[in-house]
Amino acid sequence: QLPNVIAAGPVTIQVSTRGGTDGATMEKNAVTYKAKFGVTVQHVSYGGQPEYWAKIQALHATKQAADVLWASTGGLFLLAYKGILADLLPIIQADKYDLSDYVPAGLESMKLNGNLYGMPWGGHPGEGAGILYNLDLLTAAGVTGLTEDCASMDNWTWDDLTQAATKATKQEGGKTTVFGFMPFGSYLSLTNTIGGFGGEFLSPDGKKLTMDTPQFKAGLQLESDFYNKYKVAPTPDPSLDSSALFASGKIAMVQTGYWGQFTPGEAAIKGKFKWNVGLVPKGPAGKRGSSLTINGQTLWSGSSHKDEAWGFIKWLMEPDVQRSTILDGGSRPALRKSVLEDPELMSKMKAHKCFVPFLEGSEPWKQPWNFRWEEFNQAILQVFTPMYLGKQAVDQAISDATKKLQAIVDEPIA
(Lines give C-alpha, C1' and ligand atoms only; values in the text may rest on other atoms or scores of the structure.)
Protein backbone atom coordinates (compact mmCIF):
# COMPACT_ATOMS: atom_id res chain seq x y z
CA GLN A 1 0.00 0.00 0.00
CA LEU A 2 3.01 2.30 0.00
CA PRO A 3 3.00 5.15 -0.53
CA ASN A 4 -0.79 5.64 -1.01
CA VAL A 5 -0.18 8.81 -3.01
CA ILE A 6 -3.22 10.58 -4.42
CA ALA A 7 -2.36 13.13 -7.08
CA ALA A 8 -3.83 14.38 -10.34
CA GLY A 9 -0.38 15.11 -11.76
CA PRO A 10 3.26 15.61 -10.87
CA VAL A 11 3.61 16.63 -7.23
CA THR A 12 6.44 18.19 -5.25
CA ILE A 13 6.49 18.08 -1.46
CA GLN A 14 8.98 19.73 0.86
CA VAL A 15 10.64 18.09 3.87
CA SER A 16 12.56 20.12 6.45
CA THR A 17 15.46 19.11 8.67
CA ARG A 18 18.00 20.92 10.82
CA GLY A 19 20.65 20.15 8.18
CA GLY A 20 23.85 18.27 8.87
CA THR A 21 23.60 14.49 8.87
CA ASP A 22 19.79 14.66 8.97
CA GLY A 23 19.80 16.82 5.86
CA ALA A 24 22.23 14.62 3.94
CA THR A 25 20.16 11.56 4.83
CA MET A 26 16.94 13.20 3.72
CA GLU A 27 18.41 14.24 0.38
CA LYS A 28 19.44 10.65 -0.33
CA ASN A 29 15.99 9.41 0.64
CA ALA A 30 14.37 12.03 -1.59
CA VAL A 31 16.22 10.73 -4.65
CA THR A 32 15.23 7.13 -3.88
CA TYR A 33 11.62 8.06 -3.23
CA LYS A 34 11.17 9.91 -6.51
CA ALA A 35 12.66 7.01 -8.44
CA LYS A 36 10.24 4.60 -6.77
CA PHE A 37 7.04 6.61 -6.67
CA GLY A 38 7.39 9.62 -8.97
CA VAL A 39 6.85 12.17 -6.22
CA THR A 40 9.48 14.90 -6.03
CA VAL A 41 10.70 15.52 -2.49
CA GLN A 42 12.56 18.79 -1.97
CA HIS A 43 14.72 18.98 1.13
CA VAL A 44 15.04 22.32 2.94
CA SER A 45 17.29 22.99 5.92
CA TYR A 46 16.02 25.39 8.58
CA GLY A 47 19.35 25.40 10.42
CA GLY A 48 20.32 24.09 13.82
CA GLN A 49 18.55 24.26 17.14
CA PRO A 50 17.23 26.36 18.82
CA GLU A 51 16.75 28.59 15.74
CA TYR A 52 15.08 25.71 13.91
CA TRP A 53 11.90 25.96 15.97
CA ALA A 54 11.51 29.71 15.46
CA LYS A 55 11.98 29.26 11.71
CA ILE A 56 9.13 26.74 11.52
CA GLN A 57 6.80 29.07 13.43
CA ALA A 58 7.66 31.99 11.17
CA LEU A 59 7.10 29.96 8.01
CA HIS A 60 3.84 28.59 9.37
CA ALA A 61 2.62 32.15 9.96
CA THR A 62 3.29 33.00 6.31
CA LYS A 63 1.91 29.65 5.07
CA GLN A 64 5.29 28.55 3.69
CA ALA A 65 6.33 25.69 5.98
CA ALA A 66 7.49 22.36 4.57
CA ASP A 67 4.91 19.60 4.19
CA VAL A 68 6.97 17.19 6.31
CA LEU A 69 8.74 18.64 9.35
CA TRP A 70 11.52 16.97 11.31
CA ALA A 71 10.64 17.58 14.96
CA SER A 72 12.25 16.06 18.03
CA THR A 73 10.50 15.80 21.37
CA GLY A 74 12.44 18.93 22.33
CA GLY A 75 10.23 21.11 20.12
CA LEU A 76 7.39 18.96 18.83
CA PHE A 77 4.93 19.68 21.65
CA LEU A 78 5.06 23.45 21.32
CA LEU A 79 4.46 23.15 17.57
CA ALA A 80 1.54 20.80 18.23
CA TYR A 81 0.09 23.08 20.90
CA LYS A 82 0.20 26.00 18.48
CA GLY A 83 -1.64 24.09 15.77
CA ILE A 84 1.35 23.89 13.44
CA LEU A 85 1.28 20.09 13.25
CA ALA A 86 -1.54 17.91 11.98
CA ASP A 87 -3.00 15.11 14.10
CA LEU A 88 -1.98 11.91 12.31
CA LEU A 89 -4.58 9.62 13.88
CA PRO A 90 -7.44 10.46 11.45
CA ILE A 91 -5.05 9.99 8.52
CA ILE A 92 -3.77 6.70 9.91
CA GLN A 93 -7.30 5.43 10.52
CA ALA A 94 -8.47 6.41 7.03
CA ASP A 95 -5.41 4.68 5.55
CA LYS A 96 -5.95 1.61 7.77
CA TYR A 97 -2.26 1.79 8.61
CA ASP A 98 -1.20 -0.91 11.07
CA LEU A 99 0.49 0.42 14.21
CA SER A 100 0.87 -2.96 15.93
CA ASP A 101 4.61 -3.15 15.13
CA TYR A 102 5.32 0.10 16.96
CA VAL A 103 6.65 0.26 20.52
CA PRO A 104 3.75 1.77 22.52
CA ALA A 105 6.04 4.15 24.42
CA GLY A 106 7.31 5.48 21.10
CA LEU A 107 3.84 6.43 19.93
CA GLU A 108 2.82 7.78 23.34
CA SER A 109 5.87 10.03 23.31
CA MET A 110 4.57 11.66 20.13
CA LYS A 111 1.14 12.46 21.59
CA LEU A 112 -0.33 15.59 23.13
CA ASN A 113 -3.85 15.57 24.61
CA GLY A 114 -4.52 12.21 22.98
CA ASN A 115 -3.59 13.31 19.46
CA LEU A 116 -0.64 11.79 17.59
CA TYR A 117 1.57 14.51 16.10
CA GLY A 118 4.55 12.55 14.80
CA MET A 119 5.93 9.16 13.90
CA PRO A 120 8.87 7.94 16.06
CA TRP A 121 11.48 7.99 13.29
CA GLY A 122 14.60 7.88 15.49
CA GLY A 123 14.79 7.16 19.22
CA HIS A 124 17.45 7.28 21.91
CA PRO A 125 17.43 7.12 25.74
CA GLY A 126 19.07 10.55 26.11
CA GLU A 127 22.03 12.48 24.70
CA GLY A 128 24.43 10.91 27.21
CA ALA A 129 23.12 7.35 27.13
CA GLY A 130 26.38 5.85 25.89
CA ILE A 131 30.11 5.80 26.56
CA LEU A 132 32.38 5.85 23.52
CA TYR A 133 35.58 4.09 24.55
CA ASN A 134 39.09 3.54 23.20
CA LEU A 135 39.77 -0.07 24.13
CA ASP A 136 43.49 0.10 23.39
CA LEU A 137 44.07 3.14 25.64
CA LEU A 138 42.08 1.64 28.49
CA THR A 139 43.72 -1.79 28.23
CA ALA A 140 47.18 -0.23 28.15
CA ALA A 141 46.25 1.71 31.30
CA GLY A 142 45.45 -1.53 33.14
CA VAL A 143 41.65 -1.60 32.79
CA THR A 144 40.52 -5.23 32.68
CA GLY A 145 37.34 -6.98 31.55
CA LEU A 146 36.56 -4.55 28.73
CA THR A 147 36.45 -5.89 25.15
CA GLU A 148 35.24 -4.76 21.74
CA ASP A 149 31.84 -6.17 22.66
CA CYS A 150 29.61 -3.28 23.81
CA ALA A 151 28.04 -5.60 26.38
CA SER A 152 31.36 -5.80 28.24
CA MET A 153 30.49 -2.40 29.76
CA ASP A 154 26.94 -3.38 30.77
CA ASN A 155 27.73 -3.95 34.44
CA TRP A 156 29.94 -0.93 34.95
CA THR A 157 29.12 1.48 37.76
CA TRP A 158 30.18 5.11 37.91
CA ASP A 159 32.95 4.01 40.29
CA ASP A 160 34.23 1.65 37.59
CA LEU A 161 34.21 4.43 35.02
CA THR A 162 35.93 6.86 37.39
CA GLN A 163 38.69 4.37 38.16
CA ALA A 164 39.18 3.61 34.46
CA ALA A 165 39.25 7.31 33.58
CA THR A 166 41.83 7.99 36.30
CA LYS A 167 44.08 5.18 35.07
CA ALA A 168 43.84 6.35 31.44
CA THR A 169 44.62 10.02 32.14
CA LYS A 170 48.24 10.79 31.27
CA GLN A 171 50.42 13.79 32.03
CA GLU A 172 53.76 14.94 30.70
CA GLY A 173 55.63 17.97 31.98
CA GLY A 174 52.67 19.03 34.10
CA LYS A 175 50.33 19.00 31.11
CA THR A 176 47.57 16.46 30.46
CA THR A 177 48.22 14.67 27.18
CA VAL A 178 45.43 12.09 27.40
CA PHE A 179 42.15 12.67 29.22
CA GLY A 180 40.31 9.73 30.73
CA PHE A 181 36.73 10.88 30.24
CA MET A 182 34.73 13.72 28.76
CA PRO A 183 31.20 14.11 30.19
CA PHE A 184 28.55 16.17 28.43
CA GLY A 185 26.57 18.82 30.26
CA SER A 186 23.29 19.04 28.36
CA TYR A 187 19.95 18.51 30.13
CA LEU A 188 19.52 15.07 28.60
CA SER A 189 23.08 13.96 29.36
CA LEU A 190 22.85 15.12 32.97
CA THR A 191 19.53 13.26 33.15
CA ASN A 192 21.40 10.10 32.11
CA THR A 193 24.03 10.65 34.80
CA ILE A 194 22.05 12.13 37.70
CA GLY A 195 19.05 9.91 37.00
CA GLY A 196 21.19 6.90 37.90
CA PHE A 197 21.50 8.37 41.40
CA GLY A 198 17.71 8.79 41.60
CA GLY A 199 17.81 12.57 41.02
CA GLU A 200 15.49 14.54 38.75
CA PHE A 201 15.48 18.11 37.47
CA LEU A 202 11.69 18.45 37.46
CA SER A 203 8.57 17.26 39.24
CA PRO A 204 6.43 14.83 37.20
CA ASP A 205 4.10 17.65 36.13
CA GLY A 206 7.07 19.74 34.95
CA LYS A 207 6.14 22.74 37.11
CA LYS A 208 8.70 22.62 39.89
CA LEU A 209 12.46 22.17 40.12
CA THR A 210 13.45 19.14 42.24
CA MET A 211 17.21 19.64 42.29
CA ASP A 212 17.54 20.15 46.06
CA THR A 213 17.69 16.47 46.97
CA PRO A 214 20.57 14.27 48.20
CA GLN A 215 20.23 12.13 45.07
CA PHE A 216 20.51 15.05 42.67
CA LYS A 217 23.42 16.55 44.63
CA ALA A 218 25.31 13.25 44.59
CA GLY A 219 24.96 12.94 40.83
CA LEU A 220 25.98 16.54 40.20
CA GLN A 221 28.91 16.17 42.61
CA LEU A 222 30.24 13.34 40.45
CA GLU A 223 29.94 15.58 37.39
CA SER A 224 31.95 18.27 39.18
CA ASP A 225 34.50 15.74 40.42
CA PHE A 226 35.40 14.64 36.90
CA TYR A 227 36.78 18.16 36.36
CA ASN A 228 37.95 19.25 39.79
CA LYS A 229 38.73 16.23 41.96
CA TYR A 230 39.80 13.51 39.55
CA LYS A 231 40.93 15.94 36.81
CA VAL A 232 40.17 13.41 34.08
CA ALA A 233 38.14 15.76 31.86
CA PRO A 234 39.27 18.69 29.69
CA THR A 235 38.17 22.19 30.70
CA PRO A 236 34.65 22.82 29.33
CA ASP A 237 34.78 24.82 26.11
CA PRO A 238 31.99 25.07 23.49
CA SER A 239 34.62 24.95 20.75
CA LEU A 240 36.11 21.68 22.01
CA ASP A 241 35.75 18.94 19.39
CA SER A 242 35.40 15.75 21.41
CA SER A 243 35.05 13.62 18.26
CA ALA A 244 38.37 14.84 16.85
CA LEU A 245 40.11 14.40 20.22
CA PHE A 246 38.76 10.87 20.55
CA ALA A 247 39.75 9.92 16.99
CA SER A 248 43.28 11.18 17.63
CA GLY A 249 43.62 9.16 20.86
CA LYS A 250 43.56 12.19 23.18
CA ILE A 251 40.49 11.07 25.17
CA ALA A 252 39.87 7.50 26.36
CA MET A 253 36.10 7.81 26.89
CA VAL A 254 33.43 10.28 25.77
CA GLN A 255 29.82 10.50 26.92
CA THR A 256 27.73 10.10 23.79
CA GLY A 257 24.50 8.65 22.40
CA TYR A 258 23.50 6.01 19.88
CA TRP A 259 25.22 8.18 17.26
CA GLY A 260 28.57 7.46 18.91
CA GLN A 261 28.68 4.52 16.50
CA PHE A 262 28.88 7.02 13.61
CA THR A 263 30.66 10.02 15.11
CA PRO A 264 33.61 10.11 14.85
CA GLY A 265 33.29 6.57 13.50
CA GLU A 266 35.74 4.38 11.67
CA ALA A 267 36.01 6.94 8.85
CA ALA A 268 37.91 9.19 11.27
CA ILE A 269 39.53 6.53 13.48
CA LYS A 270 40.88 4.65 10.44
CA GLY A 271 41.85 1.50 12.30
CA LYS A 272 44.27 3.25 14.65
CA PHE A 273 42.70 1.58 17.69
CA LYS A 274 39.87 -0.71 18.79
CA TRP A 275 36.73 1.00 20.03
CA ASN A 276 33.02 0.69 20.71
CA VAL A 277 30.10 2.34 22.53
CA GLY A 278 28.84 0.89 25.82
CA LEU A 279 25.88 2.05 27.86
CA VAL A 280 26.12 4.80 30.45
CA PRO A 281 26.85 3.20 33.86
CA LYS A 282 24.20 2.35 36.39
CA GLY A 283 24.10 4.57 39.46
CA PRO A 284 23.43 3.91 43.15
CA ALA A 285 19.69 3.85 42.39
CA GLY A 286 20.33 0.63 40.48
CA LYS A 287 19.43 2.04 37.09
CA ARG A 288 20.66 4.13 34.19
CA GLY A 289 19.07 7.54 34.00
CA SER A 290 16.97 8.02 30.87
CA SER A 291 14.43 10.18 29.10
CA LEU A 292 12.98 8.65 25.93
CA THR A 293 13.98 11.14 23.26
CA ILE A 294 12.63 10.87 19.74
CA ASN A 295 13.33 12.54 16.43
CA GLY A 296 9.89 12.53 14.84
CA GLN A 297 8.59 13.01 11.34
CA THR A 298 5.53 15.25 11.41
CA LEU A 299 2.99 16.70 9.01
CA TRP A 300 2.45 20.44 8.65
CA SER A 301 -1.18 21.31 9.34
CA GLY A 302 -1.18 23.81 6.45
CA SER A 303 0.07 21.38 3.83
CA SER A 304 -1.94 21.17 0.61
CA HIS A 305 -0.40 17.75 -0.09
CA LYS A 306 -1.18 15.87 3.10
CA ASP A 307 -1.75 12.52 1.35
CA GLU A 308 1.57 12.69 -0.45
CA ALA A 309 3.34 13.93 2.68
CA TRP A 310 1.87 11.08 4.73
CA GLY A 311 2.98 8.64 2.04
CA PHE A 312 6.54 9.87 2.40
CA ILE A 313 6.47 9.74 6.21
CA LYS A 314 5.10 6.22 6.06
CA TRP A 315 7.86 5.18 3.68
CA LEU A 316 10.55 6.66 5.97
CA MET A 317 9.27 4.40 8.73
CA GLU A 318 9.57 1.20 6.67
CA PRO A 319 12.04 -1.33 8.15
CA ASP A 320 14.12 -1.65 4.96
CA VAL A 321 14.40 2.15 4.63
CA GLN A 322 15.27 2.42 8.31
CA ARG A 323 17.90 -0.29 8.03
CA SER A 324 19.59 1.40 5.10
CA THR A 325 19.49 4.82 6.77
CA ILE A 326 20.91 3.57 10.07
CA LEU A 327 23.68 1.51 8.48
CA ASP A 328 24.60 4.63 6.51
CA GLY A 329 24.97 6.56 9.78
CA GLY A 330 21.95 8.76 9.16
CA SER A 331 19.61 8.12 12.06
CA ARG A 332 18.77 6.53 15.36
CA PRO A 333 16.39 3.56 15.08
CA ALA A 334 12.65 3.99 14.77
CA LEU A 335 10.57 2.77 17.69
CA ARG A 336 9.34 -0.25 15.74
CA LYS A 337 9.94 -3.81 16.87
CA SER A 338 10.95 -4.91 13.37
CA VAL A 339 13.59 -2.18 13.30
CA LEU A 340 14.92 -2.58 16.82
CA GLU A 341 15.14 -6.37 16.43
CA ASP A 342 16.44 -6.31 12.85
CA PRO A 343 19.10 -9.08 12.52
CA GLU A 344 21.27 -7.01 10.19
CA LEU A 345 21.36 -4.06 12.57
CA MET A 346 22.09 -6.41 15.44
CA SER A 347 25.05 -7.96 13.61
CA LYS A 348 26.50 -5.02 11.70
CA MET A 349 26.10 -2.11 14.11
CA LYS A 350 28.75 -2.05 16.84
CA ALA A 351 26.39 -1.27 19.72
CA HIS A 352 22.81 -1.55 18.46
CA LYS A 353 22.20 -4.72 20.48
CA CYS A 354 23.16 -2.92 23.69
CA PHE A 355 20.98 0.13 23.10
CA VAL A 356 17.78 -1.74 22.18
CA PRO A 357 16.89 -2.96 25.71
CA PHE A 358 17.73 0.49 27.09
CA LEU A 359 15.47 2.13 24.49
CA GLU A 360 12.61 -0.25 25.20
CA GLY A 361 12.81 0.34 28.96
CA SER A 362 13.49 4.08 28.99
CA GLU A 363 11.58 6.42 31.25
CA PRO A 364 9.17 8.80 29.48
CA TRP A 365 10.23 12.13 28.00
CA LYS A 366 10.71 14.83 30.65
CA GLN A 367 10.16 18.53 30.00
CA PRO A 368 8.87 21.78 31.55
CA TRP A 369 5.07 22.02 31.52
CA ASN A 370 5.24 25.15 29.32
CA PHE A 371 7.12 23.34 26.52
CA ARG A 372 10.13 25.65 26.96
CA TRP A 373 12.46 22.68 26.75
CA GLU A 374 14.95 24.26 24.36
CA GLU A 375 15.24 27.36 26.55
CA PHE A 376 15.62 25.12 29.62
CA ASN A 377 18.34 23.07 27.94
CA GLN A 378 20.28 26.12 26.76
CA ALA A 379 20.25 27.48 30.31
CA ILE A 380 21.55 24.20 31.73
CA LEU A 381 24.44 24.27 29.28
CA GLN A 382 25.49 27.53 30.96
CA VAL A 383 24.42 27.53 34.62
CA PHE A 384 26.84 24.87 35.84
CA THR A 385 29.92 26.21 34.05
CA PRO A 386 31.30 27.99 37.17
CA MET A 387 31.07 24.67 39.02
CA TYR A 388 32.90 22.80 36.26
CA LEU A 389 35.61 25.46 36.37
CA GLY A 390 36.04 24.96 40.11
CA LYS A 391 34.64 28.37 41.00
CA GLN A 392 31.49 27.09 42.74
CA ALA A 393 30.68 24.29 45.15
CA VAL A 394 27.82 21.98 44.20
CA ASP A 395 25.37 23.38 46.78
CA GLN A 396 25.89 26.93 45.53
CA ALA A 397 25.68 25.80 41.90
CA ILE A 398 22.33 24.11 42.58
CA SER A 399 21.03 27.16 44.44
CA ASP A 400 21.96 29.55 41.62
CA ALA A 401 20.78 27.20 38.89
CA THR A 402 17.43 26.59 40.61
CA LYS A 403 16.62 30.31 40.57
CA LYS A 404 17.41 30.65 36.88
CA LEU A 405 15.71 27.44 35.81
CA GLN A 406 12.60 27.96 37.94
CA ALA A 407 12.20 31.38 36.30
CA ILE A 408 11.95 29.59 32.95
CA VAL A 409 9.50 27.02 34.30
CA ASP A 410 7.34 29.82 35.77
CA GLU A 411 6.91 31.45 32.36
CA PRO A 412 3.68 30.89 30.42
CA ILE A 413 3.63 28.68 27.33
CA ALA A 414 5.87 30.31 24.75
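For clarity, every value in this text was computed on a predicted model and none was experimentally measured.

Chemist: With reference to specific residues and values, describe the packing of aromatic side chains.
Modeler: Going through the model one piece at a time under the given rule, you end up with 24 aromatic pairs. Centroid distance Tyr-52 to Trp-70: 5.5 Å. Interplanar angle 80°. Geometry classified as edge-to-face. In this pair, Tyr-52 sits in helix 2 (residues 51-61) while Trp-70 sits in strand 3 (residues 68-72), placing the two residues 18 residues apart along the sequence. Here the two residues Tyr-52 and Trp-70 agree in accessibility, since each one is buried. Ring geometry for Tyr-227 versus Tyr-388: centroids 5.0 Å apart, planes at 40°, classification tilted. With a gap of 161 residues between them, Tyr-227 in helix 9 (residues 214-228) and Tyr-388 in helix 18 (residues 385-388) connect regions that are remote in the sequence. Taken as a pair, Tyr-227 and Tyr-388 share a single burial class, namely buried. Ring-pair connections join several aromatic residues into one group, and the members of that group are Tyr-187, Phe-201, Phe-216, Trp-365, Trp-373 and Phe-376. Across from the ring centre of Trp-275, 4.5 Å away, lies the NZ or CZ of Lys-350, which sits over that ring.

Chemist: Any details on the sheet that holds strand 7 (residues 130-134)? Residues and values, ideally.
Modeler: The three strands are arranged 10-7-11 in an open sheet whose pairing can be described as antiparallel. Edge positions in the sheet fall to strand 10 (253-256) and strand 11 (275-279), since each has one partner strand and no second. Here the average twist between neighbouring strands, direction ignored, is 25°. Of the strand pairs in this sheet, strand 7 and strand 11 are connected by five bridges, and their pairing is antiparallel. Paired with Gly-130 across the bridge in strand 11 is Leu-279.

Chemist: Could you give me a rundown of the pairing of strand 3, with the residues and numbers involved?
Modeler: Looking along a regular strand, one sees the side chains alternate between the two faces of the sheet. Counting buried positions along strand 3 gives five out of five residues, so the element sits mostly inside the fold. Both faces of strand 3 are covered, namely the face carrying Val-68, Trp-70 and Ser-72 and the face carrying Leu-69 and Ala-71. Sheet topology note: the strand 1 (residues 12-17)/strand 3 ladder contains two bridges and is parallel. Within strand 3, the position partnered with Ser-16 by the bridge is Leu-69. Relative to strand 12 (residues 293-299), strand 3 runs antiparallel, the two being bridged by five bridges. Each residue of the ladder has a partner; that of Leu-69, found in strand 12, is Thr-298.

Chemist: Describe unusual backbone geometry, listing the residues and the values that go with them.
Modeler: Following Gln-49, the chain continues into Pro-50 via a peptide bond in cis, with omega recorded as 5°. Positionally, Pro-50 belongs in the loop between strand 2 (40-45) and helix 2. Of note in the backbone geometry, Asn-113 takes a positive phi value of approximately 55° without being a glycine. Of note, Asn-113 is situated in the loop between strand 4 (111-112) and strand 5 (115-116).

Chemist: I'd like to hear about the packing of helix 8 (residues 187-195) against helix 17 (residues 373-383), residue by residue, with values.
Modeler: Running from amino to carboxyl end, helix 8 crosses helix 17 at an angle of 70°, the nearest separation of the two axes being 9 Å. Looking at the two axes, helix 8 sits roughly perpendicular to helix 17. Residues Tyr-187, Leu-188 and Leu-190 of helix 8 touch helix 17, and the partners they reach there are Trp-373, Phe-376, Asn-377 and Ile-380. Broken down by class, the residue content of the contact of helix 8 with helix 17 amounts to six nonpolar, one polar and no charged.

Chemist: Residues and numbers for the layout of surface pockets, please.
Modeler: Space left empty within the atom packing is revealed by a probe, the size of a water molecule, rolled over the atoms. Put simply, the second largest pocket is a space of about 480 Å³. For the lining of the second largest pocket, the secondary-structure elements that each account for two or more residues are helix 5 (104-108), strand 4 and helix 8. For the lining of the second largest pocket, the element with the most residues is helix 8, which contributes three residues. For the lining of the second largest pocket, a count of residues per class yields 13 nonpolar, 10 polar and six charged.

Chemist: Please give an account of the nonpolar core that cites residues and values.
Modeler: Ranked by internal contacts, the top residues of the largest apolar core, which has 134 residues, are Met-119, Met-253, Phe-312 and Phe-384. Here this core takes seven residues from helix 19 (residues 394-409), the largest share from any one element. The residues touching Phe-312, leaving out its near neighbours within four places in the chain, are Ile-13, Val-15, Met-26, Asn-29, Tyr-33, Val-41 and Val-68.

Parameters at a glance
- Residues numbered from 1 in each chain as written.
- Predicted model: local features only at pLDDT ≥ 70, side-chain atom pairs only at ≥ 80, totals over all residues.
- Heavy atoms only, no water.
- Phe/Tyr/Trp six-rings, centres within 6.5 Å; stacked < 30°, edge-to-face > 60°.
- Helix = DSSP H or I, 4+ residues; strand = E, 2+ residues; numbered from the N terminus.
- Buried < 20%, exposed > 50% of the residue type's maximum accessible area, 1.4 Å probe, protein only.
- Lys NZ or Arg CZ within 6 Å of the ring centre and 35° of its normal.
- Pairing = 2+ DSSP bridges.
- Axes fitted to C-alpha atoms, helices over the stretch in contact; angles between N-to-C directions.
- Parallel < 35°, antiparallel > 145°, perpendicular 65-115°, else oblique.
- Contact = heavy atoms within 4.5 Å.
- Nonpolar A, V, L, I, M, F, W, Y, C, P; charged D, E, K, R; others polar.
- 1 Å grid on protein atoms, 1.4 Å probe; cavity = no way out; pocket = protein on both sides within 12 Å on 5 of 7 lines; lining within 4 Å.
- Points joined across faces, edges and corners; volume = space filled by probe spheres on them.
- Core = buried A, V, L, I, M, F, W, Y, C linked by side-chain atoms within 4.5 Å.

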